[in-house]
Amino acid sequence: MTSLSIKQKAQQYVVLTGMALFIGLLVGAIDMIFGQGLLLIGDFRSQHWPLILFLALAGFVIVYLYKRFGGKASKGMGLIFDVGHAREEEIPLVLVPLIMLTTWMSHLFGGSVGREGVAVQIGATLSHRFARYIKIPDASRIFLMTGMAAGFAGLFQTPLAATFFALEVLTVGELQLMALYPALIASIVASFTSHALGLEKFAVPLRETLSWTPETLIKVALLGLAFGLAGKLFAVSLSWLKKTVAQVLPNPYIRIALIGAGLSLVLLNLQLTKVGTYSGLGTNLIDVAFHQGSAQSYDWILKLLFTVVTISAGYQGGEVTPLFAIGATLGVFLAPMLGLPVLVVAAIGYASVFGSATTTLLAPILIGGEVFGYANLPFFVIACAIAYCLPKEWSIYSGQKVAKK
């Protein structure tokens with residue numbers, strides 16, 4: 001290797017370091033604004049529950065905003081994958097305010113949606129803009145994944161999981177290691193930035209650990225299968241319902257208004273009859289699962305159904321936090337059947353349902369460690385690996401590729 005190539009390599013790392021630090025600060029700050037906004041909106045909706053009655057009207061406005069201002073940004077997460085696979089070259093900056101505003105609206109009026117997809121889109125959009133100014137090989141993909149990682153990390157404050165999520169989610173079975181260095185730096189900086197600015201991290205350090213015995217390993221493997229099937233059920237249902245409602249109700253205004261009105265009535269009825277509250281992120285279900293160790297046997301499937309229907313109708317938001325809620329509540333339900341500690345099984349469900357639905361492996365394992373502590377890491381590995389072995393084409397991300405064997 002010549003001295004010139006060494007110098008060029010050093011210059012690249014200096015540039016990448018500086019850009020990753022800046023991207024982490026920028027995305028972390030915006031994640032804090034977005035995340036705190038969601039928390040305030042969730043509290044406000046809980047205190048003013050009749051807002052759910054206006055979900056259809058909110059949907060009508062969301063469709064108008066995307067029709068009027070969205071352009072390519074209307075593809076949302078699909079556009080991120082298109083850029084990652086070189087099917088598109090740019091992500092319009094309008095995506096950032098548009099996705100934030102419409103997600104806040106979806107939450108304010110009771111839609112069952114998440115937030116992760118929004119944060120990833122925000123990070124990817126902002127970071128990718130810098131790729132055109134940086135003359136390094138594969139700059140477009142590197143900066144895209146760096147932003148994806150920063151967006152995820154700033155919102156959930158799990159920088160290791162965020163890094164590997166960005167590296168493995170574009171193509172199943174491949175790790176895009178060329179982006180490892182800047183993605184890791186940006187993730188760590190975004191995580192610290194959002195926390196320093198006041199966004200709290202969800203963490204439940206587990207006091208109980210499972211024993212390393214053949215019986216326990218078999219039970220954890222069965223849990224991995226159950227949670228994997230739940231994640232795939234979510235992914236397949238979402239894909240099928242999106243296509244079906246688009247065919248039956250091709251007009252997006254009519255589609256979101258009719259489905260939104262139906263959701264309003266059902267969600268409000270369930271809340272008033274004390275069956276359960278399934279609007280918003282699902283953090284209420286997660287809190288009950290981990291702080292009280294309880295959940296209704298039907299919580300997981302109702303949260304799954306409402307989230308699938310809400311997103312299929314055209315409301316904006318992510319899927320991951322609802323997936324966490326589905327996994328945690330299903331875990332609470334399954335734990336007594338297998339004679340395992342409720343919180344540990346809920347934590348395994350939290351991680352592995354997310355991994356199954358997104359067809360990722362390393363990210364959910366690291367989510368388990370960063371949120372619940374590393375004492376049970378071997379069991380997160382087993383459950384997530386079993387869930388990952390299910391059909392990899394069944395994913396919530398239609399733009400995801402599967403590496404050829």
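Residues numbered from 1 in each chain as written. Predicted model: local features only at pLDDT ≥ 70, side-chain atom pairs only at ≥ 80, totals over all residues. Heavy atoms only, no water.

A. The overall build of the protein chain, seen in detail. The secondary structure content of the protein chain amounts to 16 helices and two strands. In terms of overall dimensions, the protein chain is globule-like: its C-alpha atoms have a radius of gyration of 21 Å, near the 22 Å expected for 405 residues. Counting only C-alpha atoms and orienting by the principal axes, one finds that the protein chain spans roughly 70 × 60 × 45 Å. Within the span of the protein chain, comprising 405 residues, buried residues form 57% of the whole. Contacts spanning at least 24 positions in sequence make up 80% of the contacts within the protein chain whose residues lie at least 6 apart. As displayed, the protein chain offers around 16,700 Å² of accessible surface, 67% of which is attributable to carbon and sulfur atoms. Mean positive and mean negative side-chain charge positions of the protein chain (26 and 18 charges, respectively) differ by 7 Å. (Helix = DSSP H or I, 4+ residues; strand = E, 2+ residues; numbered from the N terminus. Rg over C-alpha atoms; globule rule 2.2 N^0.38 Å. Buried < 20%, exposed > 50% of the residue type's maximum accessible area, 1.4 Å probe, protein only. Contact = heavy atoms within 4.5 Å. Areas by Shrake-Rupley, 256 points an atom, 1.4 Å probe, with all protein chains shown as cover. Lys, Arg positive; Asp, Glu negative; His and termini not counted. Charge placed at Lys NZ, Arg CZ, Asp CG, Glu CD.)

B. Region of the structure containing the packing of helix H5 (residues 116-128) against helix H6 (residues 139-156). At a closest axis distance of 7 Å, the pairing of H5 and H6 adopts a crossing angle of 140 degrees. One way to sum up the angle between H5 and H6 is to call them oblique. Seen along the crossing, H5 lies across H6 with a hand that is right-handed. Contact residues: H5 offers Glu116, Ala119, Val120, Gly123, Ala124, Ser127 and His128, while H6 offers Ser140, Phe143, Leu144, Thr146, Gly147, Met148, Gly151, Phe152, Leu155 and Phe156. Of the residues assigned to the contact of H5 with H6, the class counts are nine nonpolar, seven polar and one charged. (Axes fitted to C-alpha atoms, helices over the stretch in contact; angles between N-to-C directions. Parallel < 35°, antiparallel > 145°, perpendicular 65-115°, else oblique. Left-handed = near helix turned anticlockwise from the far one by under 90°. Nonpolar A, V, L, I, M, F, W, Y, C, P; charged D, E, K, R; others polar.)

C. Spatial organisation of the nonpolar core. Phe143, Met148, Phe290 and Phe372 are the most contacted members of the largest nonpolar core, which totals 130 residues. Of all the elements, H6 adds the most residues to this core, at 12 residues. Shared between two domains, this core holds at least three residues of each, these being domain 1 (12-197) and domain 2 (214-402). In this view, Met148 contacts Ile80, Val120, Gly123, Ala124, Ala166, Val169 and Leu170; residues no more than four positions away in its chain are not counted. (Core = buried A, V, L, I, M, F, W, Y, C linked by side-chain atoms within 4.5 Å. Domains from an automatic or database assignment.)

D. Seen up close, the pattern of salt bridges. Scanning the entire structure with this criterion turns up six salt bridges. Ionic pairing is found between Glu88 and Lys72, a salt bridge with its closest N-O pair at 3.0 Å. Linking Glu88 in the loop between helix H3 (77-84) and helix H4 (95-108) with Lys72 in the loop between helix H2 (55-70) and H3, this pair joins segments that are 16 residues apart in sequence. For Lys75, the salt bridge identified is with Asp82, shortest N-O distance 2.4 Å. On the basis of relative accessibility, which here comes to 42%, the residue Lys75 falls in the partly exposed class. The class of Asp82 is buried, set by a relative accessible area of 10%. A cluster of three or more residues bridged by salt bridges with shared partners is formed by Lys72, Lys75, Asp82, Arg87 and Glu88. (Salt bridge = Lys/Arg side-chain N within 4 Å of Asp/Glu carboxyl O.)

E. A nonpolar patch on the surface, seen in detail. On the surface, a nonpolar cluster with roughly 650 Å² of combined accessible area is contributed by Leu53, Phe54, Leu57, Phe60, Val61, Leu265 and Val266. Elements with a minimum of two residues in the nonpolar patch: H2 and helix H10 (252-272). Structurally, the position occupied by Phe54 is in the loop between helix H1 (3-47) and H2. (Patch = residues over 30% accessible without salt bridge, like charges linked within 9 Å, V, L, I, M, F, W, Y side chains within 5 Å.)

F. Just helix H11 (residues 283-291), in detail. Where H11 is concerned, the buried positions are Leu285, Ile286, Ala289 and Phe290. What you see down the axis of H11 is that its buried residues fit within an arc of 115 degrees, all on one side. The inward-facing, buried residues of H11 abut helix H12 (299-313), helix H13 (320-338), helix H14 (342-358) and helix H15 (362-372). (Arc of directions from axis to C-beta.)

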